[in-house]
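# Summary of structural features
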Amino acid sequence: MEIADILKKQIADGINNLYNQHLDENEIKLEITNKDHKGDLTFVTFPYLKFSKQKPAETANAIGNYVIANCSSVSHFNVVNGFLNFEISDSFCLNFLKLNFKNTDFGSINQGNGKCVMVEFASPNTNKPLHLGHLRNILLGYSVSEILKFAGYNVISANLINDRGIHICKSMLAWSKGNGETPQSSNTKGDHLVGKYYVEFDKIYRKEIEELKQQGIPDDEAKKTAPSIVEAQNMLVKWEQHDPHIIALWKKMNNWVYDGFEQTYKRLGVTFDKYYYESNTYLLGKDLINEGLQKKVFVKDPDGSVWIDLTQDGLDRKIVLRADGTSVYITQDLGTAQLKYDEYKMDNSIYVVGNEQDYHFKVLKIILQKLGKQYANGIFHLSYGMVDLPHGKMKSREGTVVEADELMDEMYSTANKLTMELGKTEGFTENELKSLNETIAMGALKYYLLKVEHVKRMLFNPEESIDFHGNTGPFIQYTFARISSVLRNTANNENIDVSCSLHISEKELIITLLLFPQKVMLASQTYNPSVIANYIYEISKLFNRLYHELSILGEPDSIKKSNRVAICRLTAIVIKNGMKLLGIAVPERM
RNA sequence: GGUCCGCUAGCUCAGCUGGAUAGAGCAACAGAUUUCUAAUCUGUGGGUCAGGGGUUCGAAUCCCUUGCGGAUCACCA
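Note that the coordinates shown come from a computational prediction; the quantities given were computed from them, not determined experimentally. The numbers attached to residues start from 1 for each chain and follow its sequence in the written order. Each chain gets a letter, beginning with A, and each ligand a number, beginning with 1, in the order they are written. For a predicted model such as this one, the threshold for reporting local features is a pLDDT of at least 70, and the threshold for listing and counting side-chain atom pairs is 80 or more; totals across whole chains, interfaces and linings nevertheless cover every residue. Excluding hydrogens and water, the side-chain values take into account all heavy atoms of the structure.

## With respect to the packing of helix 4 (residues 90-100) against helix 23 (residues 558-581)
Remark: helix 4 packs on helix 23, axes separated minimally by 10 Å, with the N-to-C direction vectors making an angle of 60 degrees. With respect to each other, helix 4 and helix 23 are oriented oblique. Relative to helix 23, the crossing made by helix 4 is left-handed. In contact with Leu94, Phe96, Leu97 and Asn100 of helix 4, helix 23 contributes Asn563, Ala566, Ile567, Leu570 and Ile573. For this classification, Asp, Glu, Lys and Arg are treated as charged, while Ala, Val, Leu, Ile, Met, Phe, Trp, Tyr, Cys and Pro are nonpolar and the rest, including Gly, are polar. For the contact of helix 4 with helix 23, a count of residues per class yields 7 nonpolar, 2 polar and no charged. Interaxial angle, 0 to 180 degrees, is taken between N-to-C directions of lines fitted to C-alpha atoms, where a helix line uses only the stretch in contact. Here a strand is any run of E in DSSP of at least two residues, a helix any run of H or I of at least four, and the numbering for each starts at the N terminus. To sort the angles, those under 35 degrees are grouped as roughly parallel, those over 145 as roughly antiparallel, those from 65 to 115 as roughly perpendicular, and the leftovers as oblique. Crossing handedness follows the turn of the near helix against the far one: under a right angle anticlockwise gives a left-handed crossing, and clockwise gives a right-handed one. Whether two residues touch is decided by their heavy atoms; if any such pair falls within 4.5 Å, the residues are in contact.

## Some words on unusual backbone geometry
One non-glycine residue with positive phi stands out, namely asparagine 20, at about 55 degrees. Residue asparagine 20 is classed as exposed on the basis of its relative accessible area of 65%. For lysine 53, which is not a glycine, the phi torsion comes out positive at approximately 55 degrees. If you trace the backbone, lysine 53 turns up in the loop between helix 2 (49-52) and helix 3 (56-70). Think of it in three bands: with a 1.4 Å probe and only protein chains considered, a residue is buried below 20% of the maximum accessible area for its type, exposed above 50%, and partly exposed in between.

## A short note on the protein's contact with RNA strand B
It suffices for a single heavy atom of a residue to lie within 4 Å of a molecule or strand for the residue to be listed as near it. Contacts to RNA strand B come from 66 residues, most closely from Lys424, Arg457, Tyr478, Arg482 and Ser485. By atom count, sugar and phosphate contribute 63% of the portion of RNA strand B lying within 4 Å of the protein. Histidine 469 places a side-chain nitrogen or oxygen 2.9 Å from a phosphate oxygen of RNA strand B. Here a polar contact means two N or O atoms within 3.5 Å. Within protein one must be a hydrogen donor candidate and the other an acceptor candidate, and residues neighboring in sequence count only if both atoms are side-chain atoms. Between arginine 482 and RNA strand B, the recorded distance is 2.4 Å, taken from a side-chain N or O atom to a phosphate oxygen. Of all the secondary structure elements, the ones that give two or more residues to the surface near RNA strand B are strand 2 (41-44), strand 4 (83-88), helix 14 (329-344), helix 15 (358-370), helix 16 (404-422), strand 14 (458-459), helix 19 (473-488) and helix 22 (529-549). The greatest single-element share of the surface near RNA strand B, amounting to 7 residues, is contributed by helix 22. Across the surface near RNA strand B, the residue classes break down as 27 nonpolar, 18 polar and 21 charged.

## Things to note about a nonpolar patch on the surface
A cluster of nonpolar residues, Phe46, Val80 and Phe83, forms a patch on the protein surface that exposes about 230 Å² of accessible area. Residue position: phenylalanine 83 is located in strand 4. Patch members must show over 30% relative accessible area and no salt bridge, and they are joined within 9 Å when carrying like charges or within 5 Å when they are nonpolar side chains of Val, Leu, Ile, Met, Phe, Trp or Tyr. Areas reported as accessible are Shrake-Rupley estimates using a 1.4 Å probe. Residue values count occlusion only from the protein chains shown. Here, a salt bridge means any Lys or Arg side-chain nitrogen found within 4 Å of an Asp or Glu carboxyl oxygen.

## Here we look at the sheet that holds strand 9 (residues 306-309)
Pairing within the open sheet is antiparallel, and its 3 strands lie in the order 8-9-10. Looking along the sheet, the strands with just one partner apiece sit at the ends: strand 8 (299-300) and strand 10 (317-321). With respect to the sheet, helix 13 (residues 286-294) is in contact with strand 8, strand 9 and strand 10, its orientation differing from that of strand 10 by roughly 125 degrees. For two strands to pair, DSSP has to find at least two bridges joining them.

## A few points about the nonpolar core
Most often, soluble globular proteins have nonpolar side chains that are buried together. The term nonpolar core refers to a set of buried residues drawn from Ala, Val, Leu, Ile, Met, Phe, Trp, Tyr and Cys, joined through side-chain atoms within 4.5 Å. Of all hydrophobic cores here, the largest spans 154 residues; its most connected members are Phe43 and Leu132. Once you skip the residues sitting within four places of it in the chain, phenylalanine 43 turns out to touch Ile11, Ile15, Ile28, Lys29, Leu30, Tyr48, Ile63, Gly82, Phe83, Leu84 and Phe86. With 26 residues, the next largest nonpolar core counts Ile308, Phe361, Leu364 and Tyr375 among its residues.

## What to know about the state of the cysteines
Disulfide assignment relies on a single distance test, namely cysteine sulfur atoms paired within 2.5 Å. The full count for this structure, using the stated rule, is 0 disulfides. In this structure cysteine 568 is a free cysteine whose sulfur lies 15 Å from that of cysteine 500, the closest cysteine sulfur available. Overall, the relative accessible area of 0% leaves cysteine 568 in the buried class.

## Notes on the layout of surface pockets
Think of a ball as big as a water molecule: rolled over the atoms, this probe shows where empty space is left. Quantified by volume, the second largest pocket comes out at close to 930 Å³. Here a cavity denotes a set of grid points, spaced 1 Å apart and computed over the protein atoms alone, in which a 1.4 Å probe fits but from which it cannot get out, and a pocket denotes an open set meeting protein on both sides within 12 Å along at least five of seven lines; residues with an atom within 4 Å of a point are reported as lining. The wall of the second largest pocket is formed by 31 residues, among which Ile32, Thr33, Asp40, Ile511 and Thr512 lie closest to the centre. At the level of elements, helix 1 (3-19), strand 1 (30-32), strand 4, helix 20 (504-513), helix 21 (516-526) and helix 22 are the ones that each hand at least two residues to the lining of the second largest pocket. Sorting elements by how many residues they give to the lining of the second largest pocket places helix 20 first, with 5 residues. Classifying every residue of the lining of the second largest pocket by side-chain character gives 11 nonpolar, 6 polar and 14 charged. Grid points are joined across faces, edges and corners, and a volume is the space filled by probe spheres set on the points.

## Structural notes on the sheet that holds strand 5 (residues 116-120)
Taken in spatial order, the 5 strands of this open sheet run 7-6-5-11-12, and their pairing is parallel. Edge positions in the open sheet fall to strand 7 (274-277) and strand 12 (379-384), since each of these has one partner strand only. The mean angle between the axes of side-by-side strands here comes to 25 degrees, regardless of whether they run parallel or antiparallel. In this structure, strand 11 (residues 348-354) lies alongside strand 12, joined through 6 bridges in parallel fashion. Its bridge partner lying in strand 12, tyrosine 351 is registered against histidine 381. Against the sheet, helix 5 (residues 132-150) touches strand 5, strand 6 (154-161), strand 11 and strand 12, its axis set at about 135 degrees to strand 12.

## Overview of the side chain of asparagine 159
With respect to the helices, strands and loops of the structure, asparagine 159 is situated in strand 6. Within the structure, the side chain of asparagine 159 is placed 2.9 Å from the backbone nitrogen of serine 123, a separation counted as a polar contact. Within the structure, asparagine 159 has its side chain in polar contact with the side chain of tyrosine 265 (distance 3.1 Å). Residue contacts for asparagine 159: discarding those within four places in its chain leaves Phe121, Ala122, Ser123, Pro124, Tyr265, Phe272, Lys274, Tyr275 and Tyr276.

## Remarks on the domain arrangement of chain A
An automatic or database domain assignment supplies the start and end points of every domain. When its domains are assigned, chain A resolves into domain 1 (3-88), domain 2 (165-278) and domain 3 (405-581). A straight line from the C-alpha centre of domain 1 to that of domain 3 covers 34 Å. Between domain 1 and domain 3, the contact holds 4 residues from the first and 4 residues from the second. Summed over both partners, buried area is the accessible surface (1.4 Å probe) that two parts give up on being assembled. Summing both sides of the interface, domain 1 and domain 3 together bury roughly 340 Å²; the carbon and sulfur share of this comes to 69%. Summed over the three residues of domain 1 that lose the most area to domain 3, namely Ile32, Asp40 and Ile88, the buried surface amounts to 68% of that side. At the junction of domain 1 and domain 3, the tally comes to 1 salt bridge. Residue lysine 507 is joined to aspartate 40 by a salt bridge in which the shortest nitrogen-to-oxygen separation is 3.4 Å.

## What to know about the packing of helix 5 against helix 17 (residues 430-450)
One way to put it is that helix 5 packs onto helix 17 with a least axis distance of 10 Å and a crossing angle of 85 degrees. Taken together, the axis directions place helix 5 and helix 17 in an arrangement best described as roughly perpendicular. Residues Leu132, Leu135, Arg136, Leu139, Leu140 and Ser143 of helix 5 form the contact with helix 17, whose own contacting residues are Leu445, Lys446, Leu449 and Leu450. Its residues placed into classes, the contact of helix 5 with helix 17 shows 7 nonpolar, 1 polar and 2 charged.

Quick look at the structure:
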């Protein structure tokens with residue numbers, strides 16, 4: 001049992017005995033003792049004065065005396081006003097260490113109990129390469145998947161690819177007017193090549209609009225009647241009619257994009273269990289529309305369009321089917337939600353999608369609930385904020401989009417430069433060196449994007465993001481490398497002597513290590529990787545301080561040395577496991 | 001206009017299921033390496049927790065309100 005649980009029970013018993021007031025131990029709250037006071041865990045007595053009918057300090061002393069008489073895990077306590085500060089005994093810390101320092105799974109919990117969760121993320125369009133915004137999405141989705149697995153859930157990662165629509169037709173059109181270059185012939189990554197033609201289309205289109213406007217045609221009309229957009233729309237119609245030429249071109253260009261995306265996913269270390277394609281799902285959802293009409297959840301307007309009135313729920317009146325019987329975005333998402341559930345019967349379905357779609361997902365969930373779908377309650381929109389650049393939003397027209405591949409390359413060369421400058425990689429083969437630099441580069445990038453809580457907008461500062469000092473991925477990786485270096489130089493034969501005393505920096509580290517499973521629980525309940533990121537950073541800081549203050553291998557007292565090496569082992573486990581939850585690898589040397 | 005989200009040090013962020021004097025990193029300045037990796041550590045300065053009100057023993061944290069920034073309310077996806 002955890003120290004906090006033991007203490008809570010003792011405190012509840014104490015209040016029961018002293019004041020004849022029955023309290024459940026779960027009602028007792030404990031917190032980490034403030035830095036400026038002696039102690040490890042603090043119980044605040046103010047809310048209980050109504051039972052004790054004594055002054056705060058008297059109450060705290062009475063409870064403290066009860067606990068220390070009944071609980072060997074507590075060595076001392078002190079009282080400051082109504083604050084009761086407990087000191088955890090060294091033997092308790094060492095028992096915990098003894099129990100866990102060889103447990104490479106330390107931190108994993110069984111909160112999920114095998115429940116099935118689908119996490120949908122990435123979900124790119126197929127007309128251009130992945131950019132910084134996708135990176136936040138992908139890293140968040142992947143990390144949440146890892147956290148849920150570690151918390152005992154059965155996770156299915158899914159990627160819903162938007163492979164159809166006007167956007168890809170634009171690229172197709174521009175490409176078909178070009179010289180027929182391919183990724184092979186141009187030596188270009190497929191997604192970048194298709195993206196190039198998307199930009200190409202936009203240039204032509206804008207030029208046409210300008211020309212039309214000069215002829216006195218109003219802006220909106222020019223945008224609708226420019227020849228290239230009309231042509232692209234015709235192409236979409238032909239696609240829907242299964243025109244073999246268009247379908248062949250569409251397949252060819254989409255496959256180029258998929259090859260490109262796969263390379264990027266691979267570099268990021270991300271995989272998916274299931275791909276959905278909108279070309280297969282865009283017609284879904286019509287059965288649900290009929291079902292909704294029968295259940296009188298939807299109404300049909302005189303023109304034949306189908307609507308749902310959500311004004312009672314604080315939302316709006318929303319169309320779910322056009323008058324011509326074709327689907328809108330929400331229709332296909334309803335259908336896809338049903339498809340996912342039919343295939344996997346999952347308990348929870350998480351959509352990692354930017355916060356500009358908050359409204360859409362509210363509507364999606366509430367419609368499914370009104371249709372009486374039980375699984376709707378398990379739907380959760382994991383909404384995240386946009387990534388801004390120092391000069392504002394990313395805008396493709398202004399060429400300020402930070403492309404994922406390019407960014408990863410930049411991070412790599414920075415890592416490479418720093419590794420060379422520091423010159424600690426003697427004896428590395430060329431491949432080992434490359435692999436190390438890639439590990440550091442990815443660590444820096446991933447940590448930078450995951451340490452900020454997802455609901456917040458975040459600023460991506462190119463200068464700062466390549467900083468490898470302070471609260472960064474490389475700092476944590478470095479801490480791991482330091483520990484690894486120590487462990488390389490010691491035999492694997494630690495015996496923990498629980499009667500030994502601990503140095504303050506050892507004890508603080510152990511007490512923080514002990515919190516790892518709770519942090520995993522919090523992160524999994526709130527789908528929040530930043531909890532893990534900040535926690536691992538805290539661990540790394542504590543370890544570096546210990547490393548500086550105390551010698552580990554040079555410790556003359558063999559018992560203390562053995563204990564200290566075991567602390568290193570558990571710290572390494574926590575850092576490695578925690579970083580894995582963020583999708584970040586840790587190097588043995590750097 | 002309606003709804004939703006955000007606002008904490010010069011900058012980037014923690015802390016938010018209410019607790020003690022609000023914490024880190026970066027930047028600035030001053031130090032630490034004959035010792036297990038200095039991508040490290042120690043110290044100094046830096047705050048109207050956007051403003052105002054409320055709830056209570058106690059509010060950065062909960063509620064109301066105002067301001068600022070963003071998103072959304074498409075027969076686009």
